[in-house]
Amino acid sequence: MADPVLKIDALEKAFGLVKAVDGVTLEVGAHDFFALLGPSGSGKTTLLRSIAGLEAPDRGRVLIGGADVTRQPPYARNIGMVFQDFLLFPHKTVAENIVFPLKMKRLGAAEQGEQLKWVLDFVRLQGVEDRFPHQLSGGQKQRVSLARGLVARPTLLLLDEPLANLDRELRKEMEVEVRRFQVELGIPFVYVTHNQEEALTMSDRIAVMNQGRIEQEGAKLAVYSDPATRFVASFVGAGNRLCGILSEPGGKAARIDWDGIAVAVPRPAAANAGDRIEYFLKSERISIAPASAPAAAGAENRIEGTLRDVIFKGQYADYLVDLANGAEIVVSAAPELAGVARHGAVAISWPAGAGHAFVAEAL
């Protein structure tokens, strides 16, 4: 990547015997919306705090705009930061909360006023600058927090689960708005979240973290569609998990015995007959039809079962199919498919390559 705005070089941070960040290296470009995605305890917030200067790494470097800022305090890094809990001063007005970073930089009143007007217009908060935080809605509080992070026109904006405390509908609305802010400003955002839907909705690139390390980093579609590790396959866009014994290693394709059902899967790397295999299959990659219908074209797998229920999701539905081995498969498809009814016999089918197979971790 040419001239990344942010560069992390072999960063490490431990708390006692626990390595919260374990040798992380990554780059964020000038126009990236970059998501750090992972479960609680994966190290993503510690990494973000190390970028911000709120944690001192044990080893490695943080470079912003080509300058090594590893040992510099937060105020010297020209970054903005937005937190999950807003952290607004309850005794200050909206305007006073927003310009607080400018006061810390000792900017004059005229420049503070210009920056305040710009950011209020930008985040659509005109008319509420004299209110106090307790007089604001959750969405308005989040916009004030974003405005405070942006008012000094930072080189880089860091966001630590900023939508976690909003209700579902407001969160979806703010996902679109935060994305708009990033595109219109043209500065990189580094966004920490455990919510894969948020990461996939807003980001351009994703780094999936687990136990302090980056398991996979790349364009969001590539991470979603082609998981590089078992953990990424289970965490990003997780659908159905089929666990069986590798019975036929084969060539490009293999077969597993999934509790009495033979399933064709891609040959897992370094796998041998008898290995326990986990096969991750996204629900939208499966076709469903009446049991009398033939398998979909190119599908090596076809299994008959009973449709237990249909969960309507709006533009699509989840079809819950019970199989003879006692397992359940979830299929996502268009609502109200012809000939497919609750408690009826159905057939599901898919190509072996629609999912991703990995040797299971030892118990």
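In this report, we go over the structure that sits alongside the text. Note that the structure is a prediction, hence the values are computed from the model and not measured.

1. Describing helix H4 (residues 138–150)
- In this model H4 runs 19 Å from its N-terminal to its C-terminal C-alpha over 13 residues, within 8% of the 18 Å that 1.5 Å per residue would give.
- The buried fraction of H4 amounts to 10 of the 13 residues, a majority that puts the element mostly inside the structure.
- Every buried residue belonging to H4 is among Gly139, Gln142, Arg143, Val144, Ser145, Leu146, Ala147, Arg148, Gly149 and Leu150, and all of these are buried.
- Elements that come into contact with the buried residues of H4 comprise strand E6 (79–82), helix H2 (94–104), helix H3 (109–122), strand E7 (156–160), helix H5 (168–185) and strand E8 (189–193).

2. A closer look at the nonpolar core
- Within the largest apolar cluster, 34 residues are counted, with the highest numbers of intra-cluster contacts made by Ile98, Leu159, Val178 and Phe189.
- Breaking this core down by element, the ones donating at least two residues are H2, H3, H4, E7, H5 and E8.
- Here this core gets five residues from one element, more than from any other, and that element is H2.
- Leave out the neighbours within four places in its chain, and leucine 159 touches Leu48, Val82, Leu146, Val178, Phe189, Val190, Tyr191 and Val192.

3. As for H3
- For H3, which comprises 14 residues, the first-to-last C-alpha distance of 20 Å matches the rise-based estimate of 20 Å (1.5 Å per residue) to within 8%.
- Looking only at H3, the buried set comprises Gln112, Gln115, Leu116, Val119, Leu120 and Phe122. For H3, the buried positions fall inside an angular range of 155 degrees around the axis, keeping them on one side. Of the exposed residues in H3, those oriented more than 90 degrees away from the buried face are Ala110, Glu114 and Lys117.
- Contacts made by the buried residues of H3 are with H2, H4 and H5.

Rules and cut-offs
- Residues numbered from 1 in each chain as written.
- Predicted model: local features only at pLDDT ≥ 70, side-chain atom pairs only at ≥ 80, totals over all residues.
- Heavy atoms only, no water.
- Helix = DSSP H or I, 4+ residues; strand = E, 2+ residues; numbered from the N terminus.
- Expected span 1.5 Å × (residues − 1).
- Buried < 20%, exposed > 50% of the residue type's maximum accessible area, 1.4 Å probe, protein only.
- Contact = heavy atoms within 4.5 Å.
- Core = buried A, V, L, I, M, F, W, Y, C linked by side-chain atoms within 4.5 Å.
- Arc of directions from axis to C-beta.

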